[in-house]
Each structure stands twice: as structure tokens, then as C-alpha cells.
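Summary of the model geometry
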Amino acid sequence: MPHFPKPAEGSWTEHFGLDTTPVSYEDSISAEHYELEQQAIFRRTWLNVGRTEQLPRTGSYFTRELDAAGTSVVVVRDAGGEARAFHNVCRHRGNKLVWTDFPKEETSGSCRQFTCKYHGWRYDLAGALTFVQQESEFFDLDMADFGLVPVRCETWEGFIFVNFDADAQPLREYMGRLGAGIEGYPFGEMTQVHKYRAEIGANWKLFIDAFMEFLPAPVLHSKQSVAEESQKLQGYGYEALSYDVDGPHAVVSSWGGHGPPKDLNMVKPIERVLRSGLFGVWDAPDIGIDELPPASTRPVTRRGARTRSCSSPTSWC
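Below is a summary of the structure that appears in this document.

What counts, and where the lines are drawn
- Here, residues in each chain are numbered from 1, in the same order as that chain's written sequence.
- Local features in a predicted model are, by the rule used here, given only for residues with pLDDT of at least 70; side-chain atom pairs are given and counted only at 80 or more, and totals for whole chains, interfaces and linings are based on all residues.
- Side-chain numbers come from the whole structure's heavy atoms, not from hydrogens or water.
- Counting from the N terminus, the helices are the DSSP runs of H or I reaching at least four residues and the strands are the DSSP runs of E reaching at least two.
- Between buried and exposed lies partly exposed: a residue is buried under 20% and exposed over 50% of the maximum accessible area for its type, with that area taken using a 1.4 Å probe on protein chains only.
- Should any heavy atoms of two residues lie within 4.5 Å, those residues are considered in contact.
- Each accessible area is a Shrake-Rupley result for a 1.4 Å probe, and residues are judged covered by the shown protein chains and nothing else.
- For two strands to count as paired, DSSP must find a minimum of two bridges between them.
- For helices, the axis comes from a line fit to the C-alpha atoms of the stretch in contact; other axes are also lines fit to C-alpha atoms, and the angle between any two N-to-C directions lies between 0 and 180 degrees.
- Here, the arc refers to the directions that run from the helix axis to the C-beta atoms.

What follows deals with the overall build of the chain. A tally of regular secondary structure across the chain gives 8 helices and 16 strands. Counting over 317 residues, the chain shows a buried share of 34%. Taking all contacts inside the chain whose residues are at least 6 apart in sequence as the whole, residues at least 24 apart take part in 56%. Summed over its atoms, the accessible surface of the chain is roughly 19800 Å², and 53% of this surface lies on carbon and sulfur atoms.

Take a look at the structure:
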């Protein structure tokens, strides 16, 4: 018996008209198929690369290695205060332009102009070529023709996105109904950030699928909880509150609880260290907002009880 209400069709899969027969994994193991996806998906959609807080002043920049799109970009705040993005490549010999100790590692900093480490060509914050070493020895060189190659760059709620398709729809339009539902959420007020990086040895679709169904939660993550809670979860299983689909976007609503939790046995050790987790931030500051956007909280009835869940897009990639 489900603990949370399901659609009239009996399951979310049937509700959205999705195929229920077994599917082939060929598209997730074929290198040739992935190469097609790089061109058809990752070079034609909006990719989230960072936050505006990473560009606090004129000349602030950071780089992103976008392996799925087969390129590197540098994002910078120009003299007019706008975030710009460029292919991270010098126009002279194709050398990577912005890097610190290791070319394949991402970096950040602040500068007045970008200087190539190979031959010293310089570019201003708008991407224009401003200096060529031994310029007189080049034939018919028009510096205006050799600025950095720009990448479409737009921001939404403080998130910076890039798109390599010049004809792609505007970012806000692309975000659709699910994005509109969380507009106005105080992302910029959340000033404490924790980061980790993991190299996943799997196709990107398998990684996303794992977050859409949550079946491994009580099994794979059993040792992240205390023994008593782990045993309880294995017998209980996992159920999401609801799902939604809008074009290329999908969302899953996960049940939460109170922050701070009433019982520390209900949270993982890492959550105790960070004092945050699925239950939210334990010591949330007062940011002066009485009502959050409609899609950020959702009342759900569970056997007569009233709970609230937090909805967030699984992926905007």
C-alpha cells in the first residue's frame, strides 16, 4: 500500500504515458551514440556553469571544463557589470587561454585582461584582442577579427548559463513552467556553500535515472544512517511524493521533515556535520521572506497527516 497518494492511473509512469516495457541500454554504452548526444544535446541546450556571486567585481572570472560539450569556457564580469562567456581558447595557435597550474583544471580569479601564456596575446574583458606580440611581423592582421569567440550567456535567479547554439530559445523561456514555479526563491541569500566533486564512471543518463527513482536509497546508503534507522528504511523502502514533467525538464518531490530534526537518529552523520540535509538548513537565517514561491513547497496528505515537501528540478543540462 502506498504511503502517499498516486495518480488515478495507479502509477506516475502510466500517468505521464511513459513506456513500461524493458528498454535497451545501447544508448548508454555506445560511444558513437554519446558523440551524437554531445552535438545534439549538450551543445544545443542551456548549461548551468555557476553563480553570479562567483563574479563579485569587474574582472572577476572563472573557467568551466565542459567535457560533455567538448570545450572549455571562461566566464567574466565585464566593465559594464554583465556576465560574459567565451571559448577558453587563444585565437593565435589555439592554446588554452586561462589556466593556472594545470591546463585541464578549472580556475578563478580577477584580472584587467587575459594574457595567453604561449605568445602573450591579450584580450580585454569584452573579449577584444588588444595586443599582439611583434604585431609588425604579421601580414594584414586586423585585430578586430581575432577577438575571443563569444558563447551565449544569460542568468536566471543568479544562476549563470551558457549555450553554444546561437539559435536556441531564450533561457527563461527554456526553463518553462517548472522554472517559473521557483522564480523568486531567495537563492542569493543562501551564503553558506559546501561543495564536493565526484567522478562518476557511468553514462550521464544512468546517473540522472538514479536520482529519478531513488530505489537504492535504503540499500546503497544504508551505512549512512545509524543501524536502527537503516533497518527501518530497508523494511519501509522509498516513495516520492510526486513527479512532474515539462518538456525536457522533470521534477521529483521528496518528503522531508523538520530542521533541526527532532531525532538525530533520523539524519546521516554528514548532515550533523553540515547541520543541513533533506530536512533543510538547521540554522536557517531570517532573510525577511514570509512566503516562498509556489513550487518550492507542496502540501501533501499522508494518511490524514499534513506534510510539506521540497521540489527541485533534477537537472537543467
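And the narrative resumes.
Taking strand neighbours across the sheet as the criterion, the 7 strands line up as S1-S10-S9-S4-S3-S2-S5 in an open arrangement whose pairing is antiparallel. The outermost strands of the open sheet, each flanked by one partner alone, are strand S1 (47–51) and strand S5 (108–110). Averaged over all neighbouring strand pairs, the angle between strand axes comes to 30 degrees, with direction disregarded. Looking at chain direction, S1 and strand S10 (residues 159–163) are connected through 4 bridges and run antiparallel. Across the sheet, the residue bridging to Leu47 is Val162, located in S10.

Reading across the sheet, the 3 strands line up as S6-S7-S8 and stay open at both edges, with antiparallel pairing between neighbours. Every other strand in the sheet has two partners, leaving strand S6 (114–115) and strand S8 (129–131) as the edge strands with one partner each. Sheet analysis places strand S7 (residues 122–123) next to S8, joined by 2 bridges and oriented antiparallel. Bridge pairing in S8 places Arg122 opposite Phe131.

Among the residues of helix H3 (residues 31–42), Glu37, Gln38 and Phe42 are the ones counted as buried. Around the axis of H3, the buried residues are gathered within 105 degrees of arc, so they sit on the same side. Exposed residues lying more than 90 degrees from the buried face of H3 are Glu32, Glu35 and Leu36.

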